[in-house]
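Here is how the chains run, residue by residue.
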Number of protein chains: 2
Amino acid sequence: MAHLTVSVEYAIHCLLWLAGSAGAPLSSRDLAELQGISQSFLAKIFPKLEKAGIVVGSEGVRGGYRLARAPAEISVLQIVDAIEGDKPLFDCQEIRDRCAVFGDAPPVWATAGVCAIHAVMLKAEQAMRDELAAHTLADLAVTFAGKAPPEFILQVQDWMTERAGARKPGRQSKPEPPS
Amino acid sequence: MAHLTVSVEYAIHCLLWLAGSAGAPLSSRDLAELQGISQSFLAKIFPKLEKAGIVVGSEGVRGGYRLARAPAEISVLQIVDAIEGDKPLFDCQEIRDRCAVFGDAPPVWATAGVCAIHAVMLKAEQAMRDELAAHTLADLAVTFAGKAPPEFILQVQDWMTERAGARKPGRQSKPEPPS
DNA sequence: TAAACGCGGAGTCATATAGTCTGCGTTACC
DNA sequence: GGTAACGCAGACTATATGACTCCGCGTTTA
Ligand code: FES
Ligand code: FES
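Right, let's walk through the structure included here. Note that the coordinates shown come from a computational prediction; the quantities given were computed from them, not determined experimentally.

Attention now goes to the overall build of chain A. Across its full length, chain A holds 8 helices and 2 strands. Each helix (α) and strand (β) of chain A, taken in turn from the N terminus, gives the series α-α-α-β-β-α-α-α-α-α. In summary, chain A has a C-alpha radius of gyration of 23 Å against a globular reference of 16 Å for 179 residues, an excess of more than 25%. Taking the principal axes of its C-alpha atoms as reference, chain A extends roughly 80 × 35 × 25 Å. Every one of the 179 residues in chain A was classed for burial, and the buried ones make up 40%.

Turning to the interface of chain A and chain B, a few remarks are in order. Listed per partner, the contact involves 59 residues of chain A and 59 residues of chain B. Roughly 4,800 Å² of surface becomes buried between chain A and chain B when both sides are summed, with 74% attributable to carbon and sulfur atoms. We note a salt bridge from Lys123(A) to Glu131(B), for which the minimum N-O separation is 3.7 Å. Inspection of the region where chain A meets chain B yields 13 residue pairs in polar contact (both at pLDDT 80 or more). Listing elements by their share of the side of chain A that touches chain B, those giving two or more residues are α1 (6–19), α2 (28–35), α4 (76–84), α5 (108–111), α6 (116–133), α7 (137–147) and α8 (150–165) of chain A. The leading source of residues in the side of chain A that touches chain B is α6(A), at 10 residues. Residues belonging to the side of chain A that touches chain B are distributed by class as follows: 41 nonpolar, 9 polar and 9 charged.

This brings us to the protein's contact with DNA strand D. DNA strand D sits among 24 residues. The nearest are Glu50(A), Gly60(A), Tyr65(A), Thr5(B) and Ser38(B). Counting only atoms of DNA strand D within 4 Å of the protein, the fraction found in sugar and phosphate groups is 75%. Here a phosphate oxygen of DNA strand D and a side-chain polar atom of Lys51(A) are 3.4 Å apart. The side chain of Tyr65(A) places a nitrogen or oxygen atom 2.5 Å from a phosphate oxygen of DNA strand D. Counting only elements with at least two residues in the surface near DNA strand D, the list comes to α2, α3 (39–51) and β2 (64–67) of chain A together with α1 (6–19) and α3 (39–51) of chain B. Looking at the surface near DNA strand D residue by residue, the classes come out as 6 nonpolar, 9 polar and 9 charged.

Both copies of the chain are tied together by a single rotation about an axis and a shift running along it. Rotating chain A by 180 degrees about the axis while translating it 0.0 Å along that axis superimposes it on chain B, leaving an RMSD of 0.1 Å. With respect to symmetry, the two chain copies, as superposed, fit the operation of a two-fold axis. When the interface residues of chain A are mapped onto chain B, 100% of them again lie at the interface, so the same face is used by both copies.

This part takes up the packing of α2(A) against α3(A). All names here are of chain A. Interhelical geometry of α2 versus α3 gives an angle of 125 degrees and a closest axis separation of 9 Å. With respect to each other, α2 and α3 are oriented oblique. Here the hand of the crossing between α2 and α3 comes out right-handed. Along its contact with α2, which presents Ser 28, Arg 29, Leu 31, Ala 32 and Glu 33, the element α3 presents Gln 39, Leu 42, Ala 43 and Phe 46.

Before going further, it helps to spend a moment on the packing of α1(A) against α7(A). Residue and element names in this part refer to chain A. Look at α1 against α7: their axes get within 10 Å of each other, and the N-to-C directions meet at 75 degrees. In terms of orientation, α1 lies roughly perpendicular with respect to α7. For the pair α1 and α7, the contacting residues are Ile 12, His 13, Leu 15 and Leu 16 in the first and Leu 137, Leu 140, Ala 141 and Phe 144 in the second. Looking at side-chain class alone, the contact of α1 with α7 contains 7 nonpolar, 1 polar and no charged residues.

About the criteria used
- Counting from 1, residues in each chain are numbered in the order their sequence is written.
- In the order they appear in the text, chains get letters beginning with A and ligands get numbers beginning with 1.
- Where local features are concerned, this predicted model is filtered to residues with pLDDT of at least 70; where side-chain atom pairs are given and counted, the filter is 80 or more; whole-chain, interface and lining totals use all residues.
- As a rule here, side-chain values cover all heavy atoms of the structure and leave hydrogens and water aside.
- Helix and strand assignments follow DSSP, with helices taken as H or I runs no shorter than four residues and strands as E runs no shorter than two, numbered in order from the N terminus.
- What the globule rule says is 2.2 Å times the number of residues to the power 0.38, and the radius of gyration is computed from C-alpha atoms.
- Here the term buried applies to any residue with accessible area under 20% of the maximum for its type, exposed to any over 50%, and partly exposed to those in between, with areas from a 1.4 Å probe on protein chains only.
- Whether two residues touch is decided by their heavy atoms; if any such pair falls within 4.5 Å, the residues are in contact.
- Buried area: the accessible surface (1.4 Å probe) lost by two parts on joining, summed over both.
- The salt bridge criterion pairs a side-chain nitrogen of Lys or Arg with a carboxyl oxygen of Asp or Glu, the two atoms within 4 Å.
- Here a polar contact means two N or O atoms within 3.5 Å. Within protein one must be a hydrogen donor candidate and the other an acceptor candidate, and residues neighboring in sequence count only if both atoms are side-chain atoms.
- Classification used: nonpolar for Ala, Val, Leu, Ile, Met, Phe, Trp, Tyr, Cys and Pro, charged for Asp, Glu, Lys and Arg, polar for all others including Gly.
- We call a residue near a molecule or strand when any one of its heavy atoms sits within 4 Å of it.
- Superposing the copies works by least squares over the C-alpha atoms of residues that have pLDDT at least 70 in both of them.
- For helices, the fitted axis covers only the stretch in contact; all axes are lines through C-alpha atoms, and the angles between them, taken along N-to-C directions, range from 0 to 180 degrees.
- We call two directions roughly parallel when the angle between them is under 35 degrees, roughly antiparallel when it is over 145, roughly perpendicular when it lies between 65 and 115, and oblique otherwise.
- Take the far helix as your reference; a near helix turned counterclockwise from it by less than a right angle gives a left-handed crossing, and one turned clockwise gives a right-handed crossing.

As structure tokens, then:
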């Protein structure tokens, strides 16, 4: 949990779409284009969420990702941990036992337990984690639903189905060779 | 406050020495050697603490740094802010208004206020900052004094005075040309 | 006057982030 | 049964930042 990167922002926004998708799998490429972010990069994020057991992927042409459990059972902390790994907020270098008066053999009282400074940092990190654990995807979904007008949901659904249906006619890489 | 770097660890450990020094200025080079860390690097840290008003520096041959106020008036948060600057834990890229269904003109309801995800991160950061603000240098000094035996304090004082006195005779860069 | 200080800027080296570009195996649909 | 849409994995690049180092200047004290 060193620094919350953009991957976390991408991941949570995507998971909110999945939460609103009612179990229907959404492809990572569609999610990327819908939100105007990089397809390649988002494709590197979802495997992390899958390994953490937050989403399940289905292969094949109509595949994609869906939530592995109810949104109320997915906390923000779980998502952050899945993306960032277990990097601590503060990594102590144990400089306390490098004191010059110790010479080469620091006494036991100097190295016993955690350094008091380190302990403060651990408490701060824990406070942050507690706050992240207190919010779930369901909470966020409610807030989002309160802001967006109902017509917006329909527009997005239209966009998704149109995009899914558009794969049959033309619509490969190049959108339209003009005239 | 992106990621708590080693500079923070160095800074707080040094400030604890200053807190125990009873107003006598200590040079950054002595503090570095006492703790077995880089002199050059520590010399880049102290100006930040000085600009933040945590410590005051005195120039000249017997100069050094001392605390600008009582240890009980210096919180860990102030030190961290002095070192790390105001980098946020999470920097929102505002991807919410890049949604494809908006086209080029995102509606006002989409961009009003803070994103719900961002809000959670801000609360988490605030929880961390509150925890850091709840601890002062004085608290840490008490914990340290409780661990170290009284003789250790004297040993360090001896080390400091010996080091200050040793500048007159030999003792330049090379410690001793052997025999 | 020289050595011990603080102060500031430039430069180095390693790592991490953000992002790209392949290719491979699977699956649905015509 | 072929093709295109999927997930999945790995190699690759570029930029930023962290952790230093080096050098030189102004000040002060012995
Ligand atoms: S030794 Fe790492 S914080 Fe004290
Ligand atoms: S737009 Fe940045 S967190 Fe939602």
